[in-house]
Amino acid sequence: MSTDVTRTSEYRQMEESITMAPLERLGSNELDQELLTLNMGPHHPATHGVLRLLVTLEGEVVRDLQPIIGYVHTGIEKTAEDKSYWKVIPVVERMDYLAYYFNAYAFCGATETLLELEVPPRAQYLRVIHMELNRIMSHLVWLGTSALDLGAISMFWYCFRDRELILDLFEQSSGQRMHTRYIQVGGVAEDVPRGWAEKLREFTSQMPSRADQYKDLLANNEIVLQRLRGVCPLAEEELLKLGVTGPLLRAAGNPWDLRKASPYCSYDHFDFKIPVGAEGDNWDRFAVRVAEIYESVKIIEQALDGLPEGAWITDDRKVALPPRHELATSMEALIHHFKLVTEGFRVPPGECYFPVESPRGELGCFVRSDGSSKPARVHMRDPSFVNLQATAPMTEGSYIADLIATLAMLDPVLGGIDR
Amino acid sequence: MPDSVGLELLAQELGEAQPHTVLQTVYFRDKGTIVIEPAAIGPALEHLRAKGFSFLASVHGVDYYPEEPRLGVHYELLDMSAVDRVTIKLRVPLDNPHVPSVTPSWPTADHQEREIYDMFGVIFDGHPSLRRILMPEDYEGHPQRRDFPIGGEPVLFTIHEAEGTAYTQ
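Residues numbered from 1 in each chain as written. Chains lettered and ligands numbered in written order. Predicted model: local features only at pLDDT ≥ 70, side-chain atom pairs only at ≥ 80, totals over all residues.

Undergrad: How should I be thinking about the environment of A:Gly151 in this particular structure?
TA: All names here are of chain A. You can see Gly151 is positioned in the loop between helix H6 (121-149) and helix H7 (153-174). Overall, Gly151 belongs to the exposed group, with 11 C-beta atoms counted inside 10 Å. Along the chain, Gly151 and Ile223 lie 72 residues apart, while their C-alpha atoms are 9.0 Å from each other. (Helix = DSSP H or I, 4+ residues; strand = E, 2+ residues; numbered from the N terminus. Buried ≥ 20, exposed ≤ 12 C-beta atoms within 10 Å, placed from the backbone.)

Here's what the structure looks like:
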């Protein structure tokens, strides 16, 4: 034992004899102050798509950041100008590929406003159910991939397991898992099939407990707390100047949500809360989105309970296809069918901006009609495109590891940014 | 949404504060629009910001081909406390597509003005870095214009590299 003690003290003596002065001098060396420009992406697993970031680093600290986008620009807005209105729906759905019901609804809403078309109540409720399912689905993908960025790999599988249940519901109601083309101008494509409501209830009864589990897994985790709490906050005024909307703005304490502020699609029939944060840091962004899952489940349950009977698409034959059985007996129905399928319907000239609350913020669709059957201009105000501008102010002066966490909490979808 | 009377009052106040600014007001589908002189966009938006329209929701470009002045820029303003929206529109001719940039006072317009420059060729004077944003930097033309042909984009595949790039001309 005694030899151990002497050995230790010898070591301590040796350690104390070392002077740290040269190292400290090295720290103030000008070489160390040099800025490094680092290219992240466009193919990088942590950028959630083909986003390229030019990051200027001083050591590990981010001093400047420049997003470079356009790698998946597919000219959807240009394509839309060459298609009749009802054929535009599938192409705009492919913009923000995690919020396809919202894209379709924003476009259909703008077209319906131009047409001054009434949408039957059953169609409105079905739209609400599908949009809220879509919101949960989008938040689950965000939660899974963000947890992956923070190193929690199992979260990804759990979230995608639940997402699969939602995609099954989409498949049952519309025939497609993604890009469903379910929402039509004037209503929805089809009534939900028999047995769908029961399957949906099964989902809504288990989703809150699943969300509880995810919260238990992540919210008390030391690593998650250290990566998120107090990291990269941005004040409400700054966010408003930058045009940021959605969960990012609500995390900073501003309860702006279009579903409450200017209810569309009968959202005023439902009782739900808007989760808001206090600090506007990454933790609040995380907590707001998780809390929104519960609220969306509440909306779905209320919409299913109060689902009105009746038509699921407008009976205006100039806009919506006649029922299939009429084609065999009615000449008029056949003519309408032929006109709609070949030329499409004509929309009165005018311009309209139709905003909806997508999972990422205000998704606005601008449609200009020149009176023909094809839109003269379709423009999406995509929330990711605008919110991306907040990346630099959020992350300046923080560590590069926090940049990854912030990017995950920003939840950009590059399909929506590049369109 | 401001009703048609509210829109006229708003436009009148704007016209008094900034003479020769307001060209036209349009009330269409429960939505108010004020058409203004392109050069006056900065002060006009500032005037409306003081009226409560402090959130610039969206900026988008439109090509009114074949009408003249051809290119249009729309600013969607939002008043979050009164839940009120108003659209400001301006039109510039194709041979002089200059609009003062609002990015210095509305940072949210940065990406959107770059997109309009990229897609329509509207030049925003005073923008901190007016570059293409969605199309490649060396791209020629402004693809969202109505007279820009759809399709026929030349693509060089590696397998054809030996044959040269003559076919793209």
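So much for the structure itself; the text now carries on.
Undergrad: For this particular structure, what's the right way to read the sheet that holds strand E7 (residues 361-369) of chain A?
TA: Adjacent strands of a sheet pair through backbone hydrogen bonds, lying either parallel or antiparallel. Residue and element names in this part refer to chain A. The strand order across the open sheet built from 3 strands is E6-E7-E8, with neighbouring strands paired in antiparallel fashion. Single-partner strands in this sheet number two, and they are strand E6 (350-358) and strand E8 (377-381). Here the average twist between neighbouring strands, direction ignored, is 15°. Relative to E7, E6 runs antiparallel, the two sharing 9 bridges. Bridging across to E7, Tyr353 finds its partner in Phe366. On top of the sheet, helix H5 (residues 100-115) reaches E6, E7 and E8; it is set at about 145° to E6, its chief contact. (Pairing = 2+ DSSP bridges. Axes fitted to C-alpha atoms, helices over the stretch in contact; angles between N-to-C directions. Contact = placed C-beta atoms within 7 Å.)

Undergrad: Any chance you could explain the sheet that holds strand E3 (residues 55-63) of chain B here in plain terms?
TA: All names here are of chain B. Reading across the sheet, the 5 strands line up as E1-E2-E5-E4-E3 and stay open at both edges, with mixed pairing between neighbours. Single-partner strands in this sheet number two, and they are strand E1 (22-28) and E3. The average angle at which neighbouring strand axes cross in this sheet is 20°, direction not considered. Pairing of strand E2 (residues 31-36) with strand E5 (residues 84-92), which is carried by 3 bridges, proceeds in the parallel orientation. The residue of E5 that forms the bridge with Thr33 is Thr87. Here helix H1 (residues 4-17) sits on the sheet and contacts E1, E2 and E5; the angle it forms with E1, its principal contact strand, is near 165°. Packed on one face of the sheet, helix H3 (residues 109-120) meets E3 and strand E4 (71-79) and runs near 0° to E3.

Undergrad: Honestly, the pairing of E8(A) in this entry has me stumped. Any pointers?
TA: Regular strands show a simple pattern: their side chains alternate between the two faces of the sheet. Residues and elements named next belong to chain A. Burial of E8 is extensive: 5 of the 5 residues sit out of reach of the surface. Burial along E8 is two-sided: Arg377, His379 and Arg381 and Val378 and Met380, pointing in opposite directions, are all buried. Note: E7 against E8, 5 bridges, orientation antiparallel. Of the residues in E8, the one forming a bridge with Arg368 is Arg377.

Keep in mind these values describe shape, not function.
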